[in-house]
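Below, each chain spelled out in residue letters.
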Amino acid sequence: PVLVENGGKGSVTTYGSVTAKETSLGGACNYGQTNIQYYAAIHVNVSPGDDKGPWDGGAACGGCVHVKAKTPDGWKEVTVRITDRCPDANCGVDLGGAPASDIMGNLVGRYYGEWEFVSCEGVKGVWGDSTSIWVKEGASTFWSIIQVRNPKDMVKKIEIRGVDGADAHTLEMVVGTENFWTVPPEILQSNKNYSVLVSYRSGTDDEWILKGSELA
């Protein structure tokens, strides 16, 4: 793969069944079973092992990519949500079954393609449910990590602050558990109301008002 402004170009492949067209199981983005039909994996590296691809430790999760591929019938295109990372060094975008069927038909293989990161808003097939905050199993008043499911785009920042504007925290991404963010224990042990503000790569923010203990 080669990086270009707001996207890339290189190999477009598939890891999904073009006949069964299963929905995404969440992949390395840790979403679990979803109803997302149009999904893909994105490349981790530019050169093998350099970690310079857009995956970025899971920061690409939830973002949408508009993919164009050159086929025997001409250029075809589709928009997919990133739910996984590519399994090999030569992959650029690895499509799930439904989008691969749209582009490749039954002639699955390695195609030359180009892709651009776009907002997921208004795109059919990339949504499994409404946008939500998901608390990882095993959370308690002493430890909790959260993620955003069905986001409008890649999540760039999550801020939690008291509704009075005090006790503000910018969450940090978890190292080693991709696509999760750590919640401070003092919030988990509080019954006061907090604003959870999620900022995306593009588009408008999302905000939830809830008790800190609900994140435990």
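Residues numbered from 1 in each chain as written. Predicted model: local features only at pLDDT ≥ 70, side-chain atom pairs only at ≥ 80, totals over all residues. Heavy atoms only, no water.

Engineer: Would you explain the side chain of Asp 206 in this entry?
Structural biologist: If you trace the backbone, Asp 206 turns up in strand 15 (residues 206-211). Polar side-chain contacts of Asp 206 include one of 3.2 Å to the side chain of Lys 152. In this structure, Asp 206 is in contact with Thr 131, Lys 152, Val 196, Leu 197, Val 198 and Tyr 200, ignoring residues within four places of it in sequence. (Helix = DSSP H or I, 4+ residues; strand = E, 2+ residues; numbered from the N terminus. Polar contact = N/O pair within 3.5 Å; in protein donor to acceptor, adjacent residues only side chain to side chain. Contact = heavy atoms within 4.5 Å.)

Engineer: Can you walk me through the sheet that holds strand 15 in this structure?
Structural biologist: Either a parallel or an antiparallel arrangement is found when strands of a sheet pair, and the pairing is made through backbone hydrogen bonds. One open sheet accounts for four strands, arranged 11-10-14-15; its pairing is antiparallel. Two strands bound the open sheet, and with one partner strand each, they are strand 11 (169-170) and strand 15. Taken together, the seven bridges between strand 10 (residues 155-162) and strand 14 (residues 193-200) define a ladder with antiparallel strand orientation. Considered in strand 14, the bridge of Gly 162 is made with Tyr 194. (Pairing = 2+ DSSP bridges.)

Engineer: I tried to follow the state of the cysteines on my own but got confused; where do I start?
Structural biologist: In protein structure, a disulfide is the covalent linkage between the sulfur atoms of two cysteines. Overall, the coordinates contain three disulfides when judged by the stated rule. Paired by a disulfide, Cys 64 and Cys 120 hold their sulfur atoms 2.1 Å apart. Given an S-S torsion of about 110°, the disulfide between Cys 64 and Cys 120 has right-handed geometry. Note that Cys 64 is positioned in strand 4 (residues 64-71) and Cys 120 in the loop between strand 7 (111-118) and strand 8 (132-135), a separation of 56 residues in sequence. Judged by relative accessible area, which is 0%, Cys 120 ranks as buried. The disulfide partner of Cys 86 is Cys 91, and the gap between their sulfur atoms is 1.9 Å. The exposure class assigned to Cys 86 is buried, which follows from its relative accessible area of 9%. The connectivity of the disulfide bonds within the protein chain can be written as 1-2, 3-6, 4-5, using the sequence rank of each bonded cysteine. (Disulfide = S-S within 2.5 Å. Buried < 20%, exposed > 50% of the residue type's maximum accessible area, 1.4 Å probe, protein only.)

Engineer: I keep staring at the nonpolar core and nothing clicks. Help me out?
Structural biologist: Soluble, globular proteins show a tendency: their nonpolar side chains are buried together. Counting residues in each nonpolar core, the largest one holds 32 residues, and the members touching the most others are Ile 42, Trp 55, Val 67, Val 80 and Leu 95. Broken down by secondary-structure element, the contributors of at least two residues to this core are strand 3 (39-42), strand 4, strand 5 (74-85), strand 6 (93-95), helix 1 (97-104) and strand 7. Once residues within four sequence positions are removed from consideration, Val 67 is found in contact with Val 12, Lys 76, Glu 77, Val 78, Val 80, Val 93, Leu 95, Ile 103, Glu 114 and Trp 115. Listed in part, the 18 residues of the second largest apolar core include Ile 146, Ile 158, Ile 187 and Leu 188. (Core = buried A, V, L, I, M, F, W, Y, C linked by side-chain atoms within 4.5 Å.)

Engineer: Would you explain the packing of aromatic side chains in this entry?
Structural biologist: Each aromatic ring pair is characterised by the separation of its centres together with the angle its planes make. Taken as a whole, this structure holds two aromatic pairs when the rule is applied. Summarising the aromatic geometry, the rings of Tyr 15 and Tyr 39 are spaced 6.1 Å apart at their centres and angled 90° between planes, so their arrangement reads as edge-to-face. In this pair, Tyr 15 is assigned in the loop between strand 2 (7-14) and strand 3 and Tyr 39 in strand 3, connecting sequence segments 24 residues apart. The class for Tyr 15 is partly exposed, based on a relative accessible area of 38%. Given a relative accessible area of 6%, Tyr 39 falls into the buried group. With centroids separated by 6.2 Å and ring planes inclined at 80°, the aromatic side chains of Trp 75 and Tyr 112 adopt a geometry described as edge-to-face. (Phe/Tyr/Trp six-rings, centres within 6.5 Å; stacked < 30°, edge-to-face > 60°.)

Engineer: How should the pattern of salt bridges be read in this particular structure?
Structural biologist: Two side chains of opposite charge can pair, provided their charged atoms sit close to one another. Enumeration over the complete set of coordinates arrives at six salt bridges. Between Lys 152 and Asp 206 there is a salt bridge; the shortest N-O distance is 3.2 Å. Of this pair, Lys 152 sits in the loop between strand 9 (145-149) and strand 10 while Asp 206 is found in strand 15, placing the two residues 54 residues apart along the sequence. In this structure, Arg 161 and Glu 159 form a salt bridge, with 3.4 Å as the shortest nitrogen-oxygen distance. What makes Arg 161 partly exposed here is its relative accessible area of 34%. (Salt bridge = Lys/Arg side-chain N within 4 Å of Asp/Glu carboxyl O.)

Engineer: It is not clear to me how the pairing of strand 4 should be interpreted in this structure. Could you clarify?
Structural biologist: Where a strand is regular, its side chains alternate between the two sheet faces. In this sheet, strand 5 lies alongside strand 4 in antiparallel orientation, the contact comprising eight bridges. Looking at strand 5, one finds that His 66 is bridged to Thr 79. In textbook terms, the turn of a hairpin is the stretch between consecutive antiparallel strands, and for strand 4 and strand 5 this stretch comprises two residues.

Engineer: I'm lost on the environment of Lys 76 in this one. Help?
Structural biologist: Considering the arrangement of structural elements, one finds Lys 76 in strand 5. In the structure, Lys 76 is positioned 22 residues away from Pro 54 in sequence and 23 Å away in space, judged by C-alpha atoms. Beyond its immediate sequence surroundings of up to four residues, Lys 76 is in contact with Val 67, Lys 68, Ala 69, Thr 71, Asp 102 and Ile 103.

Purely spatial values, then, with no claim about function.
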